[in-house]
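For reference, the chains in residue letters:
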Amino acid sequence: MYPLNYAILKHFTKVEEACADCVMEALASEYSTFKAFKKDAIINALMTAEANGLLEESRFDLDSNQELRVYYRAHEEGAATINQYIK
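Here is what the cut-offs are and how they apply
Residues numbered from 1 in each chain as written. Predicted model: local features only at pLDDT ≥ 70, side-chain atom pairs only at ≥ 80, totals over all residues. Heavy atoms only, no water. Axes fitted to C-alpha atoms, helices over the stretch in contact; angles between N-to-C directions. Helix = DSSP H or I, 4+ residues; strand = E, 2+ residues; numbered from the N terminus. Parallel < 35°, antiparallel > 145°, perpendicular 65-115°, else oblique. Left-handed = near helix turned anticlockwise from the far one by under 90°. Contact = heavy atoms within 4.5 Å. Nonpolar A, V, L, I, M, F, W, Y, C, P; charged D, E, K, R; others polar. Core = buried A, V, L, I, M, F, W, Y, C linked by side-chain atoms within 4.5 Å. Buried < 20%, exposed > 50% of the residue type's maximum accessible area, 1.4 Å probe, protein only. Pairing = 2+ DSSP bridges. Salt bridge = Lys/Arg side-chain N within 4 Å of Asp/Glu carboxyl O.

*Asks:* Help me understand the packing of helix H1 (residues 4-11) against helix H2 (residues 20-31) in this model?
*Replies:* For any two helices packed against each other, the geometry is given by the interaxial angle and the distance between the axes. At a minimum axis distance of 11 Å, the contact between H1 and H2 shows a crossing angle of 135 degrees. Regarding the angle of H1 to H2, the classification is oblique. Pair H1 / H2 crosses with right-handed handedness. Seen from H1, the contacting residues are Leu4, Ala7, Ile8 and His11; seen from H2, they are Val23, Ala26, Leu27 and Tyr31. Here the contact of H1 with H2 is built from residues that sort into seven nonpolar, one polar and no charged.

What follows is the structure in structure tokens.
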């Protein structure tokens, strides 16, 4: 099992795009008991990965509660970097 932030990054090498809700849904079975497995912490991890050039924003929409969802994707270079460091 990877550390949570590693699992978040690795998830983006397996999907076309995802938002924080998508990431939580995908990782819940293994990581839901982790203290940092909260939407705000996952959004922070995604924004950090974007700032570090591993992910990029792909689109936006509103969820059923009218809250903004930001979708991210791992571009080719970002995915290669993630896969290089997280086997």
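Anyway, onward from the coordinates.
*Asks:* Would you take a moment to explain the nonpolar core for this structure?
*Replies:* One recurring pattern in soluble globular proteins is that nonpolar side chains are buried together. Counting 24 residues, the largest nonpolar core has Ile8, Phe12, Leu27, Ile42 and Leu46 as its most contacted members. Looking at this core, the elements that each hand over two or more residues are H1, H2, helix H3 (39-51), strand E2 (68-73) and helix H4 (76-85). With five residues, H2 is the largest single contributor of residues to this core. Not counting residues up to four positions away in its chain, the partners in contact with isoleucine 42 are Ile8, Ala20, Val23, Met24 and Phe37.

*Asks:* Can you help me understand the pairing of E2 in this one?
*Replies:* Within a regular beta strand, the side chains point alternately toward one face of the sheet and then the other, so they alternate between its two faces. Across six bridges, the pairing between strand E1 (residues 56-62) and E2 is antiparallel. Opposite leucine 62, over in E2, you have leucine 68 as the bridge partner. Taken together, E1 and the strand that follows it, E2, pair antiparallel across an intervening segment of five residues, in which glutamine 66 is found at a positive phi of about 65 degrees.

*Asks:* Would you mind showing me how to read the pattern of salt bridges here?
*Replies:* Side-chain pairing between opposite charges can occur once the charged atoms of the two side chains come close. In total, this model carries six salt bridges according to the counting rule given. A salt bridge links arginine 59 to glutamate 17; its shortest N-O distance comes to 2.5 Å. One end of the pair, arginine 59, is in strand E1; the other, glutamate 17, is in the loop between H1 and H2, and 42 residues separate them in sequence. For glutamate 17, a relative accessible area of 25% gives the class partly exposed. Aspartate 61 is the salt-bridge partner of arginine 59, the closest N and O atoms lying 3.6 Å from each other. By relative accessible area, which is 36% here, arginine 59 ends up partly exposed. Through salt bridges that share partners, Glu17, Arg59, Asp61 and Arg69 make up one connected network.

*Asks:* Sorry if this is basic, but what is going on with H1 here?
*Replies:* Two residues of an α-helix separated by three or four positions point the same way, owing to the 3.6 residues in each turn. Of all eight residues in H1, six are buried; the element is thus mostly enclosed. Among the residues making up H1, those that are buried are Leu4, Ala7, Ile8, Leu9, Lys10 and His11. Structurally, H1 contributes buried residues whose contacts are with H2, H3 and H4.

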